Each structure stands twice: as C-alpha cells, then as structure tokens.
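One letter stands for each residue in the lines below.
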Amino acid sequence: MMSGRCAACKNQRRRCPSDCIFAPYFPANDPQRFACVHRIYGGSNVGKMLQQIPPCLRDQAANTLYYEAQCRILDPVYGCVGIISKLSQEIQNTEIALAQIQTQIDCHKLQVQQPKDELNFNVLSTIEAESSFDVLQGQNRSAPEYQLPSQFPCFN
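Residues numbered from 1 in each chain as written. Predicted model: local features only at pLDDT ≥ 70, side-chain atom pairs only at ≥ 80, totals over all residues. Heavy atoms only, no water.

Asks: Honestly, the packing of aromatic side chains in this entry has me stumped. Any pointers?
Replies: Two aromatic rings are characterised by how far apart their centres lie and by the angle between their planes. With the rule as written, the count across this model stands at three aromatic pairs. Ring geometry for Phe22 versus Phe26: centroids 6.2 Å apart, planes at 55°, classification tilted. Pair check on accessibility: Phe22 and Phe26 agree, each one buried. Residue classification places Phe26 among the buried residues on the basis of a relative accessible area of 0%. Members of the aromatic cluster, connected to one another through ring pairs, are Phe22, Phe26 and Phe34. (Phe/Tyr/Trp six-rings, centres within 6.5 Å; stacked < 30°, edge-to-face > 60°. Buried < 20%, exposed > 50% of the residue type's maximum accessible area, 1.4 Å probe, protein only.)

Asks: What is the right way to read the nonpolar core from this model?
Replies: Soluble, globular proteins show a tendency: their nonpolar side chains are buried together. Counting residues in hydrophobic clusters, the biggest one holds 21 residues, and the most contacted among them are Cys6, Cys20, Phe22, Phe26, Val37, Val46 and Leu50. Of all the elements in the fold, those that place two or more residues in this core are α1 (7–11), α2 (31–41), α3 (43–52) and α4 (55–74). The biggest single contributor to this core is α4, with five residues. Discounting residues that sit within four places of it in the chain, Cys6 has contacts with Cys16, Cys20, Phe22, Ala23, Phe26 and Ala28. (Core = buried A, V, L, I, M, F, W, Y, C linked by side-chain atoms within 4.5 Å. Helix = DSSP H or I, 4+ residues; strand = E, 2+ residues; numbered from the N terminus. Contact = heavy atoms within 4.5 Å.)

Asks: Could you clarify how one ought to interpret the packing of α2 against α3 in this entry?
Replies: Between two packed helices, the angle of one axis relative to the other and the distance separating the axes together describe the packing. One can describe the packing of α2 onto α3 by two numbers: an axis separation of 7 Å at closest approach and a directional angle of 100°. Put simply, α2 runs roughly perpendicular to α3. Counted together, Phe34, Val37, His38 and Tyr41 of α2 and Gly43, Asn45, Val46 and Met49 of α3 form the full contact between these two elements. Classifying every residue of the contact of α2 with α3 gives five nonpolar, three polar and no charged. (Axes fitted to C-alpha atoms, helices over the stretch in contact; angles between N-to-C directions. Parallel < 35°, antiparallel > 145°, perpendicular 65-115°, else oblique. Nonpolar A, V, L, I, M, F, W, Y, C, P; charged D, E, K, R; others polar.)

This is the structure in structure tokens:
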C-alpha cells in the first residue's frame, strides 16, 4: 500500500485499507483518473468489476475503464464507438485513395510502355509494308509463271 490514501478512497472520503482494490490502479497523485471512471461507472461498480477480473488483467481493465470513461465524457452519445467509427471510415477512405493511386500508377506504366510498343509496332509495320509492297510490285510487272512439278509430265 502507498502512503496515504488512493485516489478512490480520497474521492469517497474513506480510510484506504491495506488490501484496497483501487490503490494499484488509481494512485493518489492522479485523482482525475478515478473521478472520471467514478462519474461514468460509479465507484462501487468499478470495485466489483475489478474484483471479478483476475489480478493479472486488472491493470489493463482499469486503463480500459479510464479510456472509455474519458471518451464517454467527451462524446456522451457515442463514446469510444464514435472514435472507432471515425477510424474505420478513415481506413476505408485511405484504402479507396490507395486503390485510386495504384490505378493511376498502372495507367502511367501503360502510357510509358505504349510509346515503346508503338515504336516496335511502327518498325515491324514498316518492314511488313515494304515486303508487301515488293510482292505487289512484282505482281504488277508481270504475272508470275507457275511451273508444275516434274512429276506431272503430261501437263508440261
């Protein structure tokens, strides 16, 4: 036990017993911590909750009660659920923004890649066009003469 009374015993104007359930979690140097929790949950209810929880989890429970009480005081309607909703919405907006940026990056990559592809396409098209042009020019000069293979002598 600390010297003097804990914040809970001071708030309730009572003597702090040596086995006080509040003493480890609501020290005398932070009276606002217990006042906040007491305002929302009531001192008796907080004591009952802490007694029902295993000792190894009481510190975490006291911190959670304090945080939830602070949130409820700041936002009486939604409390910490309001904060969770805002954070969830922020995550959703960030995921949407990330998807938009990834799409823009993909479009940019395609635009950067496309001129290279067009250059390759133009070179191939030029080669194909020249070879096709040569074939067409050859057809215009004179019709190609087809010779039957020698295995068909009667047609020669």
